[in-house]
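Given next are the chains, with one letter for each unit.
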Amino acid sequence: MNAKIIDGKQLAMNLRGEIAAGVAALKNDKGVTPGLAVILVGENPASVSYVTAKEKACAEAGMYSREIRMPATIAESELLDKIAALNADPAIHGILVQLPLPKGFDEKKVIDAIAPEKDVDGFTPINVGKMLIGEECFLPCTPHGIIKLIEFSGMDLKGKHAVVIGRSNIVGKPVAVLLARKETNATVTLCHTGTPDVGAFTRQADVVVVAAGRPNTLTGDMLKEGAVVIDVGVNRVPDDTKPKGYRLCGDADFESCAKVASAITPVPGGVGPMTITMLLWNTLESAKRTCK
């Protein structure tokens, strides 16, 4: 079997078209432009490139974006004051603090300072709690994107067995919760570093979401024939044949998994494009809620 490639770029493009149409309609009907504020503390190169990509995506969707750059040397109180000002700013519907923060900052304290109604990353305890009990909230962007990708693959998750590998607060735990919701209705197994034989579970799975942060965590011999594989990992592997001296790969061994799976996400071009897309989705949703 040669697996169908689940094209995250194509799905992201489709959804961004819907988002841009929603932004235009909100401007025309209510005179409201969705606004996203992104705070970048320090000069982490990966963070700088993520922030640039978010700004570009906002512009393409017709949203207002405000980038706030702060040196790594600022006091934490100054950062908290800036968040408080954005919480009170009616032009801003979403606030995102780019992680990781430089050493010396209490990330939990900083995230907790964001007003839940502007927490478009879905990271504050109130939004996480609402997600857990099934109340309306902003869903975390990568897990929400993963659900969209599985639907895009053509799989109906109702009654299916989904295995999640990895228990991070950003991907593993929330995606397990979303898969188990009544709307999705999958039966979920959560595996992690304490699971003695991960393959014993993945070989029963209709869907495997691998988010372990380690190459070759999932291989073809660990899959049931026809399973759908969502690979969240992005790992740099040394490769002298590449101009930069490395190549990107996921947590799944693509070659062996693609021979067994019915559909699989590539790395790059799978889950990655969906994260910023769902951030725009949440920002538009936040702006709509202010008009109710």
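Just above, that's the structure.
Residues numbered from 1 in each chain as written. Predicted model: local features only at pLDDT ≥ 70, side-chain atom pairs only at ≥ 80, totals over all residues. Heavy atoms only, no water.

Visitor: Is there a simple way to explain the packing of aromatic side chains in this structure?
Guide: Two aromatic rings are characterised by how far apart their centres lie and by the angle between their planes. On inspection of all chains with the given rule, the structure shows 0 aromatic pairs. Above the face of the F138 ring, R289 is positioned so that its terminal group lies 4.4 Å from the ring centre. (Phe/Tyr/Trp six-rings, centres within 6.5 Å; stacked < 30°, edge-to-face > 60°. Lys NZ or Arg CZ within 6 Å of the ring centre and 35° of its normal.)

Visitor: Is there a simple way to explain the pattern of salt bridges in this structure?
Guide: Pairs can form between side chains of opposite charge whenever their charged atoms are close. Tallied over the entire structure, the rule returns 11 salt bridges. In this structure, R66 engages D89 in a salt bridge whose closest nitrogen and oxygen atoms are separated by 3.0 Å. Residue R66 is located in strand β3 (residues 64-70), and its partner D89 is located in the loop between α3 (76-87) and β4 (94-97); the two are separated by 23 residues in the primary sequence. With a shortest N-O distance of 3.8 Å, R289 and E136 are connected by a salt bridge. (Salt bridge = Lys/Arg side-chain N within 4 Å of Asp/Glu carboxyl O. Helix = DSSP H or I, 4+ residues; strand = E, 2+ residues; numbered from the N terminus.)

Visitor: Whenever I open this one, the environment of G122 confuses me. Can you help?
Guide: Topologically, G122 is positioned in the loop between α4 (107-112) and α5 (125-133). Exposure remark for G122: the relative accessible area of 4% places this residue in the buried category. Sequence-wise, G122 and F138 are 16 residues apart; in three dimensions their C-alpha atoms are separated by 5.1 Å. (Buried < 20%, exposed > 50% of the residue type's maximum accessible area, 1.4 Å probe, protein only.)

Visitor: Can you walk me through the nonpolar core in this structure?
Guide: Formed by 52 residues in total, the largest nonpolar core has its most connected members in M63, I146, I150, L179, V207, V209 and I230. The biggest single contributor to this core is helix α10 (residues 272-290), with 7 residues. Those residues in contact with V207 that lie beyond four places of it in its chain are I150, M155, L157, H161, A162, V163 and V228. With 19 residues, the next largest nonpolar core counts A3, V163, V229 and A252 among its residues. (Core = buried A, V, L, I, M, F, W, Y, C linked by side-chain atoms within 4.5 Å. Contact = heavy atoms within 4.5 Å.)

Visitor: Sorry, what's going on with the side chain of T124 here?
Guide: One can find T124 in the loop between α4 and α5. On the basis of relative accessible area, T124 is assigned to the buried category, the value being 2%. Residues contacting T124, with those up to four places away along its chain left out, are I111, I114, P116 and D119.

Visitor: Can you walk me through the sheet that holds strand β11 (residues 263-264) in this structure?
Guide: In any sheet, the strands associate via hydrogen bonds between backbone groups, in a parallel or an antiparallel arrangement. Strand order across the open sheet formed by 6 strands is β1-β11-β8-β7-β5-β6, with parallel pairing between neighbours. The open sheet has two edge strands with one neighbour each: β1 (4-5) and β6 (187-191). Both strand β8 (residues 228-231) and β11 contribute to a ladder of 2 bridges, which runs parallel. Paired with V229 across the two strands is I264, which belongs to β11. (Pairing = 2+ DSSP bridges.)

Visitor: So what exactly am I meant to see when it comes to the environment of N169 here?
Guide: Summarising the element assignment, N169 is placed in the loop between β5 (161-165) and α7 (172-180). Linking N169 and F123, residues 46 residues apart in sequence, is a C-alpha distance of 8.7 Å. Of note is the side chain of N169, whose polar atom sits 3.0 Å from the side chain of K173. (Polar contact = N/O pair within 3.5 Å; in protein donor to acceptor, adjacent residues only side chain to side chain.)

Visitor: Would you mind showing me how to read the sheet that holds β3 here?
Guide: Pairing is parallel across the open sheet formed by 3 strands, whose spatial order is β3-β2-β4. Every other strand in the sheet has two partners, leaving β3 and β4 as the edge strands with one partner each. Strand-to-strand twist of the sheet, defined as the mean angle between neighbouring strand axes without regard to direction, takes the value 15°. (Axes fitted to C-alpha atoms, helices over the stretch in contact; angles between N-to-C directions.)

Visitor: Just checking my understanding: could you explain unusual backbone geometry for this structure?
Guide: Phi is mostly negative for residues that are not glycine, and the peptide bonds are mostly trans. Cis rather than trans, the peptide bond between L99 and P100 has omega equal to 0°. Tracing the chain through its elements places P100 in the loop between β4 and α4. With an omega dihedral of -5°, the bond running from V267 to P268 counts as a cis peptide bond. Residue position: P268 is located in the loop between β11 and α10. Phi is positive for N185, which is not a glycine, with a value near 65°. With respect to the helices and strands, N185 occurs in the loop between α7 and β6. Assessed through its relative accessible area of 39%, N185 is described here as partly exposed. Positive phi outside glycine occurs at N216, with the angle close to 60°. Here N216 lies in the loop between β7 (207-210) and β8.

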